[in-house]
Amino acid sequence: MSPVQKTTVAPFIPAESNLREFTPRAIVVGTLLGMIFGASSVFLTLKVGLTVSASIPVAVISMTLFRLWAKIGGGFGARDATILEHNIAQTAGSAGESLAFGIGVTMPAILILGFDLEWSRTLLVAVLGGLLGILLMIPLRRALIVQQHGVLKYPEGTACAAVLKAGANAESLAAAHATFGSNSTAAGVSAGAVFAGFGIGLVYNTLCRALKLWKDTVAHVFGAPLATGSLAAEISPEMLGVGYIIGPKIGGVMAAGGVLSYLVLVPMIKFFGTGLAEPLSPGTKLIRDMGVKEIRDSYILYIGAGAVAAGGLVSLARSLPTIWRAIRGGLADLTETRAGPASTLRTERDLSLKFVGIGILGLLVAILSATPLQMTLPGAFLILLFGGLFVTVSSRLTGEIGSSSNPVSGMTIATLLFTCLIFRLVGWSGSGYFVTALSVGAIVCIASSNGGTTSQDLKTGFLLGGTPRAQQLAILIGAAASALVLGPVLLTLNRDATTYVRASDVAPTLRVAAESLSGAPRERLSGPQVKSDPGDYRVWHEPDPAGGAAKKFLMDEAGRAVWLVDPGINGQYSMVQDGHPVKKLDPNVAGGHEVKKLDAPKAILVSYIIKGILGGKLPWALVLFGGMVTLMLELCGIGSLAFAVGVYLPFAVSLPIFIGGLVRLLVDRRERPALVRAGWSEEEITAESDRSPGVLMASGYIAGGSIAGIVVAFISARMSTLDDTLTQWAMRANPFFEGSRSDALSLIPYAALILLLWLAARGRIFPASKGRAIR
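Residues numbered from 1 in each chain as written. Predicted model: local features only at pLDDT ≥ 70, side-chain atom pairs only at ≥ 80, totals over all residues. Heavy atoms only, no water.

> Can you help me understand the overall build of the protein chain in this one?
Counting its secondary structure elements, the protein chain contains 25 helices and 10 strands. Split into buried and exposed, the 775 residues of the protein chain put 58% on the buried side. As presented, the protein chain carries roughly 29800 Å² of accessible surface, and 66% of it is formed by carbon and sulfur atoms. (Helix = DSSP H or I, 4+ residues; strand = E, 2+ residues; numbered from the N terminus. Buried < 20%, exposed > 50% of the residue type's maximum accessible area, 1.4 Å probe, protein only. Areas by Shrake-Rupley, 256 points an atom, 1.4 Å probe, with all protein chains shown as cover.)

> Help me out: how do you make sense of a nonpolar patch on the surface in this one?
A surface patch of nonpolar side chains, about 420 Å² in accessible area, is lined by V711, F714, I715, M719 and L722. Ranked by the residues each element gives to the nonpolar patch, the list is headed by helix α23 (residues 693-718), at 3 residues. Looking at where F714 falls in the secondary structure, it is placed in helix α23. Since its relative accessible area comes to 38%, F714 is described here as partly exposed. (Patch = residues over 30% accessible without salt bridge, like charges linked within 9 Å, V, L, I, M, F, W, Y side chains within 5 Å. Salt bridge = Lys/Arg side-chain N within 4 Å of Asp/Glu carboxyl O.)

> Please explain the side chain of Q471 as it appears in this structure.
If you trace the backbone, Q471 turns up in helix α16 (residues 468-496). Leaving out residues up to four positions away in the same chain, Q471 has contacts with N87, I88, Q90, T91, D457, L458 and G461. (Contact = heavy atoms within 4.5 Å.)

> How do you make sense of unusual backbone geometry when you look at a structure like this?
Of note, the bond from A224 into P225 is cis; its omega dihedral lies within 30 degrees of zero at 10°. Within the secondary structure layout, P225 lies in the loop between β1 (217-221) and β2 (230-234). A cis geometry characterises the amide bond from S281 onward to P282, with omega recorded as 10°. Position of P282 among the secondary structure elements: in the loop between α10 (237-273) and α11 (292-339). Of note in the backbone geometry, N570 takes a positive phi value of approximately 65° without being a glycine. With respect to the helices and strands, N570 occurs in the loop between β7 (561-566) and β8 (575-577).

> What is the right way to read the packing of aromatic side chains from this model?
The description of two aromatic rings rests on the distance between their centres and on the angle between their planes. In total, this model carries 9 aromatic pairs according to the counting rule given. Ring geometry for F423 and W428: centres 5.1 Å apart, planes at 65°, overall edge-to-face. Aromatic side chains F423 and Y433 sit 6.3 Å apart centroid to centroid with 65° between the ring planes, which places their arrangement in the edge-to-face category. With F423 in helix α14 (residues 408-425) and Y433 in the loop between α14 and α15 (434-464), the pair connects residues that are 10 residues apart, well separated along the chain. (Phe/Tyr/Trp six-rings, centres within 6.5 Å; stacked < 30°, edge-to-face > 60°.)

> Any chance you could explain the sheet that holds strand β4 (residues 522-524) here in plain terms?
Through backbone hydrogen bonds, the strands of a sheet pair up, either in parallel or in antiparallel fashion. Judged by pairing direction, the sheet is antiparallel, and its 5 strands sit side by side in the order β3-β7-β6-β5-β4 without closing on themselves. Strands at the two margins of the open sheet, each flanked by one partner only, are β3 (499-502) and β4. Direction aside, the axes of adjacent strands within the sheet are offset by 40° on average. Direction of pairing for β4 relative to strand β5 (residues 536-542): antiparallel, over a ladder of 3 bridges. (Pairing = 2+ DSSP bridges. Axes fitted to C-alpha atoms, helices over the stretch in contact; angles between N-to-C directions.)

> Would you mind showing me how to read the environment of M697 here?
Structurally, M697 can be placed in helix α23. A C-alpha to C-alpha distance of 7.0 Å links M697 and A760, two positions 63 residues apart in sequence.

> In this structure, what is going on with the packing of α10 against helix α20 (residues 640-648)? I would like to understand it.
How two helices pack is summed up by the angle between their axes together with the distance between the axes. For the pair α10 and α20, the least separation of the axes is 7 Å and the interaxial angle reads 45°. Between α10 and α20, the angle falls in the class oblique. Note on packing geometry: the crossing formed by α10 with α20 is right-handed. Along its contact with α10, which presents I250, V253, M254, A256, G257, G258, L260 and S261, the element α20 presents A642, F643, V645, G646 and V647. For the contact of α10 with α20, the class distribution of residues is 9 nonpolar, 4 polar and no charged. (Parallel < 35°, antiparallel > 145°, perpendicular 65-115°, else oblique. Left-handed = near helix turned anticlockwise from the far one by under 90°. Nonpolar A, V, L, I, M, F, W, Y, C, P; charged D, E, K, R; others polar.)

> Whenever I open this one, the confidence of the model for the protein chain confuses me. Can you help?
As a general rule, the predicted coordinates of low-pLDDT regions are not to be interpreted in detail. On average, residues of the protein chain score 82 in pLDDT, and 87% of them reach the 70 mark or higher. Averaged pLDDT values for the elements of the protein chain fall to 66 in strand β10 (residues 592-594) and rise to 94 in helix α25 (residues 742-761). (pLDDT = per-residue confidence, 0-100.)

> Could you clarify how one ought to interpret the packing of helix α3 (residues 83-106) against α15 in this entry?
Put simply, α3 and α15 touch, their axes get as near as 9 Å, and they point 160° apart. On the basis of their axis angle, the class for α3 and α15 is roughly antiparallel. By crossing handedness, the relation of α3 to α15 is classed as right-handed. Across the contact of α3 with α15, the residue classes break down as 12 nonpolar, 13 polar and 2 charged.

> Help me out: how do you make sense of α15 in this one?
Owing to its 3.6 residues per turn, the α-helix brings residues three or four apart onto one side. In this model α15 runs 45 Å from its N-terminal to its C-terminal C-alpha over 31 residues, within 8% of the 45 Å that 1.5 Å per residue would give. In terms of burial, α15 is largely enclosed, as 31 of its 31 residues are buried. (Expected span 1.5 Å × (residues − 1).)

> What's the story with the side chain of R20 in this structure? I'm lost.
Relative to the helices and strands, R20 resides in the segment before α1 (24-48). There is a polar contact of 2.9 Å between the side chain of R20 and the backbone oxygen of D80. Within the structure, the side chain of R20 is placed 3.0 Å from the side chain of E171, a separation counted as a polar contact. (Polar contact = N/O pair within 3.5 Å; in protein donor to acceptor, adjacent residues only side chain to side chain.)

> Explain the pairing of β2 here, please?
If a strand is regular, its side chains alternate between the two faces of the sheet. Buried residues dominate β2, accounting for 4 of its 5 residues. Note that β1 and β2 share 5 bridges and pair antiparallel. Looking across to β2, one finds that T217 is bridged to E234.

> Looking at this structure, I do not really get the pattern of salt bridges. What am I missing?
Oppositely charged side chains can pair when the atoms bearing their charge come close. With the rule as written, the count across this model stands at 26 salt bridges. Measuring nitrogen to oxygen at the nearest pair gives 3.0 Å for the salt bridge that ties E171 to R20. On the criterion of sequence distance, the pair formed by E171 in helix α8 (residues 170-175) and R20 in the segment before α1 is long-range, its members being 151 residues apart. By relative accessible area, which is 31% here, E171 ends up partly exposed. Where D556 meets R560, a salt bridge forms, and the shortest distance between an N and an O atom there is 3.2 Å. With a relative accessible area of 40%, R560 lands in the partly exposed category. Each of the salt bridges in this network shares a partner with another, and the network as a whole consists of R20, R25, E85 and E171.

> Could you clarify how one ought to interpret α25 in this entry?
Its 20 residues place the ends of α25 29 Å apart at the C-alpha level, agreeing with the 28 Å of an ideal helix rising 1.5 Å per residue. Along α25, the positions that sit buried rather than exposed are S742, S746, P749, Y750, L753, L757, A760 and A761. Downstream of α25 by one or two residues, G763 has phi in the positive range, about 80°.

Here's what the structure looks like:
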């Protein structure tokens, strides 16, 4: 049995207090902020396969909004929110980020498997997985949060509690437990850093991506002897912010993976393949005629996917002892908790086990009844089995190592592997079971992610003296509301970056028997290219015989392929002119269309697991090469998962993340000596750094930059004439956008972005949070 902390902990607000807590305004504000951060997290997950915690930014913004409300509406009886109301707001707001991660990791795989991305399927997976994770975690609260206090640290939840204490208003301080005293907190938290970061990220990406004032990606391709080797960086606020938050170690390892892909593997494939007289499978083109992107799409993607799969399995295997202790300790503590007397204290009131049981049963019925999920009874049983297991594991691991290090991806891989193997053993193979397996994996992934987030929120409430029942209701509401917007955001990002390529350029001989299309759905072109062809076509999904992504074609009534539909997520053709794929748009030719495709790195892995086991088709040699890269790193004592993600991701994504990590390294090195001289422990230094103005500013960069990316993509697809006009102007007359010096000139606004982050992190723009007073 796991050790149990017996020390009685005095919460910030005593159980006898009746401070306002579960109020409509706290729920509304938290839910709206959760939708915003959830939308930005979907965008981020599709780009880099990870998210960052939204709890602290939501808490800081909540405090600022309610304080402004009290000042502006003071004459009408408006009051500032209490610390418990802010806790409810951050609890409701944190759900969007964890749902977004699960959706972005799993649902785009449906495109690669040869199906359409549907709003109903995405909504069902998000709602059912999110609510299931919360309900499965509720019975664990007393065992993990209360009995294990002092053993399980829950770093993000503890940091969020410290931020909320630092910003507590006079009413909350007056009600605080005598242990803390009315003067125990210092001046308020610098919410200006979050708002400034959001505004800067929003304006920067609008000027860059909408008005085309400078390039959003700088790149250089080398010639011989390193032919097709390349360096690239997406100079955006969101990537810089991600790098600052995850730090230099992970950012550096990811960049090292990019170095292997773009400065070793791509040039090596070009070097050895130039003399080949025919295409090398799974490529369909002579290697000597391929550029950097074509080599990546044909070969590096599979190597990267193999590395990520092996890295996820290694991460899961390394966590097995902890997982086993989590299962054994959690079950033992849960049994002991149920055997104890019920508590009537406000701070010990959970939603009843009856409510939880009925809720879980209702969710399982909904899962079985939902036609888009194509669920079977064994599949629903696997969801309950793996969901219960991995929610317990996720909740405990989050307490031990934090949300950022919680191997939810590894749990998802394990779920898919076991599910697909079980399906294969009972004879369920082929594409007919792809959606069922994906639905099982997606719901368990979202449940595990949300279970960990819920446990962090409940830890914050435990330290502050919140009512568990109120928090549990708040995150249920926040999860359900966020799920309503995340599906449309995902579909919009995919649709607005979709391009249509003439089939004569990519599949000139593709024909399908007309009778095979009789029941196929009909579809028209959408977006900027709709003006080139208003026709109505039949949809046909053509599987890749080599095991790669299935392709979607629009066919005429005679069965001839007319258009290849290249999706916005994991698509290959970002530049199309008059329906033909081009490497560079001609500013003098009308009808040019350029979009930013989203890579969804972990969704590729999910699809390959399903297709490899149930479909039996995969370029296994390349996948195994990636696995050997992971093995090499592990033998060298280097954590492989971050490196593997770097191998898979475009170098333009991993390099700016590394730059953000370098800024964090320089800031921490300047701040650390003073804290060490003051007698701070390593744990306290880390906690202070994680709630510093630099982290808050970086969070704002991520949210503002990502929201701008979503809005710009949405507007560009609907105002294509204006977008084309701005693009053609920038290519002809803007030296920051086109020309021999455009890369260097575009780095000027990016340097300003880095400088502002540095100044904010050093406290030169926004004061520190004074968190040192509540150590």
